[in-house]
Structure formats: C-alpha cells, structure tokens
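Secondary and tertiary structure notes
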Amino acid sequence: NAGVTQTPKFQVLKTGQSMTLQCAQDMNHNSMYWYRQDPGMGLRLIYYSASEGTTDKGEVPNGYNVSRLNKREFSLRLESAAPSQTSVYFCASSDGQGAYGYTFGSGTRLTVV
Amino acid sequence: GQQLNQSPQSMFIQEGEDVSMNCTSSSIFNTWLWYKQEPGEGPVLLIALYKAGELTSNGRLTAQFGITRKDSFLNISASIPSDVGIYFCAGQADSWGKLQFGAGTQVVVTP
C-alpha cells in the first residue's frame with residue numbers, strides 16, 4: 001500500500017545510546033517531516049525537509065539530527081539518547097504545498113531508560 | 001509564532017450523542033485540516049477546508065472554516081464506538097507553509 005513507512009515500530013534505548021529512525025515514502029512527495037508526540041502536547045515539529053537536499057529545524061530540534069538521503073527517505077538520528085526523548089515519533093510527507101495535508105506513518109514508540 | 005488553541009482537551013460521551021470541538025488561532029490561516037488518530041496509529045486526514053465560511057461534510061463529520069479565518073469547528077453526529085480517538089486540527093498560513101497543529105481532543109465513547 002502506498003504511504004509512509006517507519007521503522008522500527010518500538011525501541012528501548014539506554015541513556016547515552018544512539019539510534020536512527022528510518023522513514024520512507026512512495027508517493028513522490030517533495031517534503032518530509034519528523035514530529036514527536038507527547039501526552040497533552042500534540043504534535044511538535046522536530047525537523048523538516050522542504051525538498052531533496054534541504055533540511056531545516058522545527059520547533060524542538062535539540063538532541064536530534066536528520067538526513068534527507070534521497071527523495072524517498074528521511075531519517076532522524078539521536079546521537080546520545082536522553083530520558084526526555086521518550087516519545088512517539090511520527091514521520092510525515094506532503095507534496096510541498098500542503099494543500100492536501102500531510103500523510104503520516106504509523107509511528108515509532110521510543111523509550112529511553 | 002502562531003498558536004492553535006484546541007478545545008476541549010477531552011470528551012466522554014455516550015453512544016448516539018453529538019460531539020463538537022473547535023480550534024482558534026492568533027493568526028489567519030488559508031487552509032484548515034482535521035485529522036483523527038486512532039490508538040497506535042498516525043493521524044489520518046478527515047476533512048480539508050480551503051475557503052472562509054466553507055462547510056464540508058464527510059459522512060457523520062461536518063467541519064467549518066470560520067469567517068474570520070482564525071477558527072474552525074468539527075462536529076460528529078450520532079457518535080459510535082469507532083469514533084474513539086484523538087482529533088487534531090491543523091492550519092496552514094500559505095500554500096508552502098508548514099502545518100500548525102492543535103494539541104488534540106481526546107474522544108471517548110461509551111455504549
């Protein structure tokens with residue numbers, strides 16, 4: 001099925017460990033986004049990529065890095081995980097104009113202990 | 001920056017009741033969107049609104065783009081158990097702008 005695929009679905013990390021969350025879309029969308037979702041906080045933008053080859057910080061970028069590997073793939077890296085990064089992470093994509101909204105992946109639930 | 005205020009935060013309703021929620025913004029938006037998130041899944045687009053005053057329906061869901069362009073409303077009529085989830089509003093200021101999301105309204109439907 002067409003859409004946004006995120007891996008892994010669940011992950012437990014120890015404080016200080018690093019990991020990369022993967023995201024791929026097959027809709028030929030130009031723009032891709034990483035959000036985190038915490039209870040009562042809604043969706044907060046971490047980083048986004050308006051088009052292949054560009055990335056920009058969102059609302060809460062500290063502690064994260066991203067790579068737009070090609071048009072399909074946009075990864076999120078935690079270099080040194082902290083308990084405050086325990087959250088559910090969503091990747092999304094859009095055609096760049098946002099007129100039809102974003103298509104979201106099913107999320108990665110990350111726990112940092 | 002722009003802020004979206006979504007209310008209520010949560011609603012506990014009985015099956016068959018109608019549900020209303022709204023979003024207000026400190027700035028004008030050109031597009032309003034409503035998403036639903038079911039447990040363990042990502043948000044899914046329900047309704048998109050593109051013109052001030054626009055009223056759009058999707059089954060039992062009806063959403064309106066406020067005349068001031070600073071608010072939007074979502075109504076769910078005759079709720080059923082599968083309406084359970086978190087409903088998010090989102091606004092976009094211009095065609096190439098990023099979406100701003102509300103904090104969500106959690107809907108719980110009891111039989």
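The sections below set out a description of the structure shown in this document. Since the model is a prediction, treat every value here as computed from it, not as a measurement.

1. Description of the pairing of strand 4 (residues 31-38) of chain A
Residues and elements named next belong to chain A. In terms of residue burial, strand 4 counts as a mostly covered element, since 8 of its 8 residues are buried. Taking every second residue as pointing to the same face, both faces of strand 4 are buried, with Ser 31, Tyr 33, Tyr 35 and Gln 37 on one and Met 32, Trp 34, Arg 36 and Asp 38 on the other. Summarising the sheet, strand 4 and strand 9 (residues 87-94) pair through 7 bridges and their orientation is antiparallel. Across the sheet, the residue bridging to Tyr 33 is Ala 92, located in strand 9. Pairing between strand 4 and strand 5 (residues 42-49): 7 bridges, direction antiparallel. Note that in strand 5 the partner of Arg 36 across the bridge is Arg 44. Adjacent in sequence and paired antiparallel, strand 4 and strand 5 are bridged by 3 residues, among which Gly 40 carries a positive phi angle near 75°.

2. As for the sheet that holds strand 8 (residues 74-78) of chain A
Residues and elements named next belong to chain A. Taken in spatial order, the 4 strands of this open sheet run 1-3-8-7, and their pairing is antiparallel. Only two strands of the sheet have a single partner each, and these edge strands are strand 1 (4-7) and strand 7 (64-68). On average, each strand axis in the sheet is inclined to that of its neighbour by 15°, with strand direction left out of account. Inspection of the sheet shows strand 3 (residues 19-25) paired to strand 8 by 3 bridges, in the antiparallel sense. Within strand 8, the position partnered with Thr 20 by the bridge is Arg 77.

3. As for the state of the cysteines
Under the counting rule described, the total for this entry stands at 2 disulfides over all chains. Paired by a disulfide, A:Cys23 and A:Cys91 hold their sulfur atoms 1.9 Å apart. Because the sign of the S-S torsion sets the handedness, a value of about -75° for the bond joining A:Cys23 and A:Cys91 places this disulfide among the left-handed ones. A residue pair is termed long-range when its members are at least 10 positions apart, and A:Cys23 in strand 3 and A:Cys91 in strand 9 qualify at 68 residues. Residue classification places A:Cys91 among the buried residues on the basis of a relative accessible area of 0%. A sulfur-sulfur distance of 1.6 Å marks the disulfide that ties B:Cys23 to B:Cys89. The chirality of the disulfide connecting B:Cys23 with B:Cys89 is left-handed, given an S-S dihedral of about -65°.

4. So, the pattern of salt bridges
Residue and element names in this part refer to chain A. Taken as a whole, this structure holds 5 salt bridges over all chains when the rule is applied. Between Asp 38 and Arg 36 there is a salt bridge; the shortest N-O distance is 2.9 Å. Looking at Arg 36, the relative accessible area reads 8%, which means it is buried. Of the charged contacts in the structure, one is a salt bridge between Asp 38 and Arg 44, with a shortest N-O distance of 2.8 Å. Overall, the relative accessible area of 17% leaves Arg 44 in the buried class. By sharing partners, the salt bridges in this structure join Arg 36, Asp 38 and Arg 44 into a single network.

5. Quick look at the environment of B:Leu49
By the secondary structure assignment, B:Leu49 is in strand 5 (residues 44-49). When the C-alpha positions of B:Leu49 and B:Gly91 are compared, they lie 9.5 Å apart, and in sequence the two are 42 residues distant.

Thresholds applied
- Residues numbered from 1 in each chain as written.
- Chains lettered and ligands numbered in written order.
- Predicted model: local features only at pLDDT ≥ 70, side-chain atom pairs only at ≥ 80, totals over all residues.
- Heavy atoms only, no water.
- Buried < 20%, exposed > 50% of the residue type's maximum accessible area, 1.4 Å probe, protein only.
- Helix = DSSP H or I, 4+ residues; strand = E, 2+ residues; numbered from the N terminus.
- Pairing = 2+ DSSP bridges.
- Axes fitted to C-alpha atoms, helices over the stretch in contact; angles between N-to-C directions.
- Disulfide = S-S within 2.5 Å.
- Salt bridge = Lys/Arg side-chain N within 4 Å of Asp/Glu carboxyl O.

Read these as layout, nothing more, since geometry by itself doesn't imply function.
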